[in-house]
Structure formats: C-alpha cells, structure tokens
Amino acid sequence: MNDVFDNKLGWMLDDALRMPETRYAILLSADGLLVAHSARIDRDEAERQAAGMAGLQSLARATAEFCGTPDTVWQQTVSEFDDGYVFLVAAGPGAYLAVSASLHVDMEAVSFRLQELVQRLGGELTSPPRHVGGAA
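Each value, and the rule that gives it
Residues numbered from 1 in each chain as written. Predicted model: local features only at pLDDT ≥ 70, side-chain atom pairs only at ≥ 80, totals over all residues. Heavy atoms only, no water. Pairing = 2+ DSSP bridges. Helix = DSSP H or I, 4+ residues; strand = E, 2+ residues; numbered from the N terminus. Contact = heavy atoms within 4.5 Å. Axes fitted to C-alpha atoms, helices over the stretch in contact; angles between N-to-C directions. Phe/Tyr/Trp six-rings, centres within 6.5 Å; stacked < 30°, edge-to-face > 60°. Buried < 20%, exposed > 50% of the residue type's maximum accessible area, 1.4 Å probe, protein only. Salt bridge = Lys/Arg side-chain N within 4 Å of Asp/Glu carboxyl O. Expected span 1.5 Å × (residues − 1). Arc of directions from axis to C-beta. Polar contact = N/O pair within 3.5 Å; in protein donor to acceptor, adjacent residues only side chain to side chain.

Turning our attention to the pairing of strand β3 (residues 76-81). Sheet topology places β3 next to strand β4 (residues 84-90); six bridges connect them, and they run antiparallel. By the bridge assignment, Phe81 is partnered in β4 with Gly84. Counting the residues between successive antiparallel strands, the hairpin from β3 to β4 contains two residues.

Given below as structure tokens:
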C-alpha cells in the first residue's frame, strides 16, 4: 500500500455528486484498488467498497452472455437495496466508476451523468493493467 494516497481525481467525483440524492463516488481499478474517492466517503471505507465493486463488476461481466452472445460487453450494473442504489459503470480500460444514491434518485439522470463524466474525463479515468516486475 502506498504511504501517500493521491486523490487527485477526487474533485471530479465530487462533481458527479452534485445531483440530488447521490451519496458517494469511488473510482477503482479492475483489481479492486482505490484510485479516487469523493469527499463524502473516507478513504478506509472507499477502499473497502472498491474491493467489493471489483467483485461485482467481475460477476456482471461473467454473466453478460446471459443478455446476448458470448462477446456481449458489460457496460453498467445497477444494484437496488432497501436504502438505495449502487451504479457501477465502465470508465475506461481497467477502470470503473461507482456511485451510490438514495431510493429517491432519478436513475436515468444518474446513468446519463455518469456516462457524461466518463466521456469528459477520457484518459484520466484509464487505469492500464499493471505489469509484474521482472526480466524485460
């Protein structure tokens, strides 16, 4: 774990939470590492949620064929709970954006806003695969 956590993209996640009834936002890598988090969630909780979201997107990707063909690409997962929703979207190669919201949120507006944010940030949200050190 890094001693210094660089939350330089946190402000962009805060921007996504300007919609009514949204709660938290995190940006994570495919392997569940926290890349950034909104100000409303502390780092420890954001790291815990990032690990869980990585598992959620992995399950969703594994079941994508159920929706189409073997080459169906996962785009977004929305999970509903007693107290709200979690939106998990692809944010570039190896990166995912998750936002939680209350039951009263405008789901369509949040989905649109997240896609807009992903497009606007482009390469900033890309988390390339990590390479294991060793002989070149």
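Having put the structure on the table, let's press on.
This part is about unusual backbone geometry. Backbone geometry places Glu21, a non-glycine residue, at a positive phi of 75 degrees. Structurally, Glu21 can be placed in the loop between α1 (10-16) and β1 (22-29).

Bringing the side chain of Asp15 into the picture now. Tracing the backbone shows Asp15 in helix α1. Aside from chain neighbours lying at most four places away, what touches Asp15 is Arg113 and Arg120.

Okay, the sheet that holds β1 next. With antiparallel pairing, the five strands of this open sheet are ordered in space as β2-β1-β5-β4-β3. Here the strands that pair on one side only, and so sit at the sheet edges, are β2 (34-37) and β3. The sheet shows a mean angle of 15 degrees between the axes of neighbouring strands, taken without regard to direction. Each of β1, β2, β3, β4 and β5 (95-101) is contacted by helix α2 (residues 43-62), which is oriented at about 70 degrees to β1, the strand it contacts most.

Aromatic rings in a pair are described by how distant their centres are and how their planes are angled relative to each other. Counted by the stated rule, this structure contains two aromatic pairs. Ring centres of Tyr85 and Phe87 lie 6.3 Å apart, and the angle between their planes is 50 degrees; on these two criteria the pair is classed as tilted. Side by side, Tyr85 and Phe87 carry an identical accessibility label, which is buried.

Inspection of the entire model under this criterion finds five salt bridges. With a closest N to O distance of 3.0 Å, Arg43 and Glu47 form a salt bridge. One end of the pair, Arg43, and the other, Glu47, are both in helix α2, four residues apart, so they sit about a helical turn from each other. Where salt bridges share partners, they join Asp15, Arg18, Arg113 and Glu116 into one cluster.

Let's shift gears to α2. Taking 1.5 Å per residue, 20 residues should reach 28 Å; α2 reaches 29 Å between its end C-alpha atoms and fits that length. Where α2 is concerned, the buried positions are Ala46, Ala50, Met53, Ala54, Gln57 and Ala60. Take α2 and look down its axis: the buried residues cluster within an arc of 135 degrees, on one side only. Turned more than 90 degrees away from the buried face of α2 sit Asp44, Arg48, Leu59 and Ala62, all of them exposed. Buried positions along α2 lie against β1, β2, β3, β4 and β5.

Right, let's get into the environment of Thr63. Inspection of the secondary structure assignment puts Thr63 in the loop between α2 and β3. A polar side-chain atom of Thr63 sits 3.1 Å from the main-chain carbonyl oxygen of Ala60.

The next point concerns the pairing of β4. Within β4, six of the seven residues are buried, which leaves the element mostly enclosed by the surrounding structure. Pairing analysis gives six bridges linking β4 to β5, with the strands arranged antiparallel. If you follow Leu88 over to β5, its bridge partner there is Ala98. Two successive antiparallel strands, β4 and β5, enclose a turn made up of four residues, where Gly92 displays a positive phi of approximately 125 degrees.

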